[in-house]
Amino acid sequence: MKLLCFTLGKATWILTVTVAILAAVFYYFDDTASSKYTSMAENIKTLEENFRGQNKSCFILGASGETGKVLLRELLERNIFSKITLIGRRQLTFEDKEYENLVSVWMQLLQHITLYILLGTSFFPLCLQVQEVINFEKLDDYAAAFMGHDVGYCCLGTTRAKAGADGFIRVDHDYVLKSAELAKAGGCTQFHLESSRGADKNSSFLYLKVK
């Protein structure tokens, strides 16, 4: 049962991440363009190629969490952004066992780039990863970290059990809201937030109300 729950949870993360990525891509293109393609798969593939050529950049908040790791892996595999900035409270080294798959994707991309160079084939540039270490209690002091991005992904989150009621509200609401404000001020046109099913500001349950 534990394995089944983990599998279902992982599937949910992947679905959530995929929807967020595709939403970013579709945002930049006219809806009428979809009629040119014979299938949804062809449509998405073409849109991603066009999007990739625009040299868009994005940032990820919460890349060390479960959903954040899935999101980063998907973005690396799709390679649709020219620059990915990881914004968090600590530097990620990607040396832990949980990051093995991520490193594997990165190495595969490097091998593809090397192959393209040897064959003299034109290719889209491998996305550049940058890390910005910030103090979420003093977000205004780190406004520069949120400047110059086209798309923002927020996977911040904790639990009431870990942080208490006040800590949960601070992380899942206050940090998120302030980050979105800084991103918008910095020129970001999209901000994708991982929330929760049933989220409702009028809910009597703290979790759903905060989300």
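Now for a quick tour of the structure. The model shown is predicted, which means the values in this text are computed figures rather than measured ones. (Residues numbered from 1 in each chain as written. Predicted model: local features only at pLDDT ≥ 70, side-chain atom pairs only at ≥ 80, totals over all residues. Heavy atoms only, no water.)

1. Some remarks on the overall build of the protein
Counting secondary structure elements, the protein contains six helices and five strands. Helices (α) and strands (β) of the protein occur, in sequence order from the N terminus, as α-α-β-α-β-α-β-β-α-β-α. Per-residue burial for the protein yields a buried fraction of 38% across its 211 residues. Pairs at least 24 apart in sequence give 72% of the contacts found in the protein among residues at least 6 apart. (Helix = DSSP H or I, 4+ residues; strand = E, 2+ residues; numbered from the N terminus. Buried < 20%, exposed > 50% of the residue type's maximum accessible area, 1.4 Å probe, protein only. Contact = heavy atoms within 4.5 Å.)

2. Digging into unusual backbone geometry
The phi dihedral of Asn55 is positive, around 55°, even though this residue is not glycine. In this fold, Asn55 is placed in the loop between α2 (40–52) and β1 (57–61). For Asn55, a relative accessible area of 48% gives the class partly exposed. Of note in this structure, Asn79 is not a glycine but carries a positive phi near 50°. Here Asn79 shows up in the loop between α3 (66–78) and β2 (83–88). Its relative accessible area of 11% is what places Asn79 among the buried residues.

3. Some words on the pairing of strand β4 (residues 151–154)
Neither face of β4 is exposed, since Val151 and Tyr153 on one face and Gly152 and Cys154 on the opposite face are all buried. Pairing of β1 with β4, which is carried by four bridges, proceeds in the parallel orientation. In the strand pairing of β4, Phe59 is matched with Gly152. As judged from the four bridges shared by β4 and strand β5 (residues 190–193), these two strands associate in the parallel manner. Its bridge partner being in β5, Cys154 is matched across the sheet by Leu193. Running through helix α5 (residues 160–185), the crossover from β4 to the neighbouring parallel element β5 is right-handed. (Pairing = 2+ DSSP bridges. Right-handed = clockwise from strand over helix to strand, strands pointing away.)

4. Some remarks on the pattern of salt bridges
In this structure the tally under the stated criterion is eight salt bridges. A salt bridge links Arg78 to Glu48, with the nearest nitrogen and oxygen atoms 2.3 Å apart. Here Arg78, found in helix α3, pairs with Glu48, found in helix α2; they are 30 residues apart in sequence, far enough to count as distant. Here Arg78 matches Glu48 in class, with each residue buried. The salt bridge involving Glu66 is made with Lys69; its shortest N-O contact spans 3.8 Å. Of this pair, Glu66 and Lys69 both sit in helix α3, three residues apart, which is roughly one turn of the helix. You can call Lys69 buried: its relative accessible area is 11%. Several salt bridges converge on common partners, so that one network encompasses Glu48, Glu74 and Arg78. (Salt bridge = Lys/Arg side-chain N within 4 Å of Asp/Glu carboxyl O.)

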